[in-house]
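Results of the structural survey
The chain contents come next:
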Amino acid sequence: MNRRRFLQTGGALGAATLLSAAPLSQDRDPRFPMGLQLFSIHDAMTDDAVASLGAIAKMGYRDVEIFGFDGDRGTFYDRPAAEFRTLLDDHGLTASSGHFGFASYLYRPADEMTAFVDQCIRGARTLGLSYIAWPWMAPEQRTAATFEFLPDLLNSIGARVRAAGLGFAYHNHGFEFEPINGRVPFDGIAKKTDPGLVELELDMYWLIRSSDLTPRQMVDRYPGRVTLWHVKDMDKKTEDYTELGRGSIDYPNLLPDPDRSGLKFCYVEQGGNFASSSLESAATNARYYKKHLQRFL
């Protein structure tokens, strides 16, 4: 089934495609706190991190995935890691995972990558993270040669992160599903990495936009390994990002079973195309998530 037909028919599947687990009642605490990837409000965080964290806490977010790390300075959003941890604590927020800029070291000597990994580990420990994630590669890096050596590099980083008591995950975009010389890069990443060292952070928007797989099919391929989720919606016309509930992705009927997935943390994300502002979009996303998705999590 191609992606467009999948989107058109997803809502018609009805009760037969609901999550296998019964939804949680509204008066119970969710197993997974509502999380936000801070890149969603990167402009607001850069302008005023204190006010932005206070705002998302009032929206009901309880957990965040970190962005904005400077390894050489040991800072998050220009604040020392310990100070940033205090800001999170002051607003009743936890930080469970972080996106770190590994791609900048992709072609550098191995000792420089190792040094950066150690910087990430120190920052992650200070913030109390459970996971470190590889989030991105620049367009010029997405070559057959890169994808050939990338699995071994990911295994090496994962081993070092795991030895430090943390989990390591690879976050997909759409480019990993675009074939190169007849091969789909994501398949190589997933199949050639050690599941005990490299877990998967599933960006459902990019999976649906760029492949013929559904989130459930991805989980069925890699049960227990899809430990982190990104949930964001797709504009019905442009296929750009949009606020949850305003796009074409019918999440109540598409979410995988969190137990089969091995889910540990779930994050709302919107990387741009805000109706008004990033914080207002975060509020819209929070309202939709709490009303329509949290009962499944």
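Anything mentioned here points back to the structure above.
We now turn to the structure provided with this report. (Residues numbered from 1 in each chain as written. Predicted model: local features only at pLDDT ≥ 70, side-chain atom pairs only at ≥ 80, totals over all residues. Heavy atoms only, no water.)

1. Comments concerning the layout of surface pockets
Taken as a whole, the largest pocket holds about 400 Å³ of empty space. In terms of lining residues, the largest pocket is bounded by 23 residues, among which Phe39, Phe67, His99, Pro135 and Trp136 are the most central. Residue composition of the lining of the largest pocket, by class: eleven nonpolar, nine polar and three charged. Put simply, the second largest pocket is a space of about 270 Å³. In this structure, the second largest pocket is lined by 13 residues; those nearest its centre are Phe147, Glu148, Arg183, Pro185 and Lys192. (1 Å grid on protein atoms, 1.4 Å probe; cavity = no way out; pocket = protein on both sides within 12 Å on 5 of 7 lines; lining within 4 Å. Points joined across faces, edges and corners; volume = space filled by probe spheres on them. Nonpolar A, V, L, I, M, F, W, Y, C, P; charged D, E, K, R; others polar.)

2. A short note on the nonpolar core
Ranked by internal contacts, the top residues of the largest apolar core, which has 89 residues, are Leu38, Ile56, Phe84, Phe102, Ile132, Trp134 and Leu150. Here the element with the most residues in this core is helix α5 (residues 110-127); it accounts for seven residues. The contact partners of phenylalanine 84, leaving out residues within four places of it in the chain, are Leu38, Met45, Leu53, Ile66, Phe76, Tyr77, Arg79 and Leu127. With five residues, the next largest nonpolar core counts Ala169, Leu228, Phe265 and Tyr267 among its residues. (Core = buried A, V, L, I, M, F, W, Y, C linked by side-chain atoms within 4.5 Å. Buried < 20%, exposed > 50% of the residue type's maximum accessible area, 1.4 Å probe, protein only. Helix = DSSP H or I, 4+ residues; strand = E, 2+ residues; numbered from the N terminus. Contact = heavy atoms within 4.5 Å.)

3. A look at the sheet that holds strand β9 (residues 199-203)
A barrel is described by the order of its strands in space; here eight strands give the closed sequence β1-β2-β6-β7-β8-β9-β10-β13, paired in parallel fashion. On average, each strand axis in the sheet is tilted by 30° relative to the strand beside it, whichever way the strands run. Where β9 and strand β10 (residues 228-231) come together, three bridges link them in parallel fashion. What sits directly across from leucine 202, in β10, is tryptophan 229. Where helix α6 (residues 144-163) meets the sheet, it contacts β7 (131-134), β8 (167-171) and β9, and its direction lies at approximately 150° from that of β8. (Pairing = 2+ DSSP bridges. Axes fitted to C-alpha atoms, helices over the stretch in contact; angles between N-to-C directions.)

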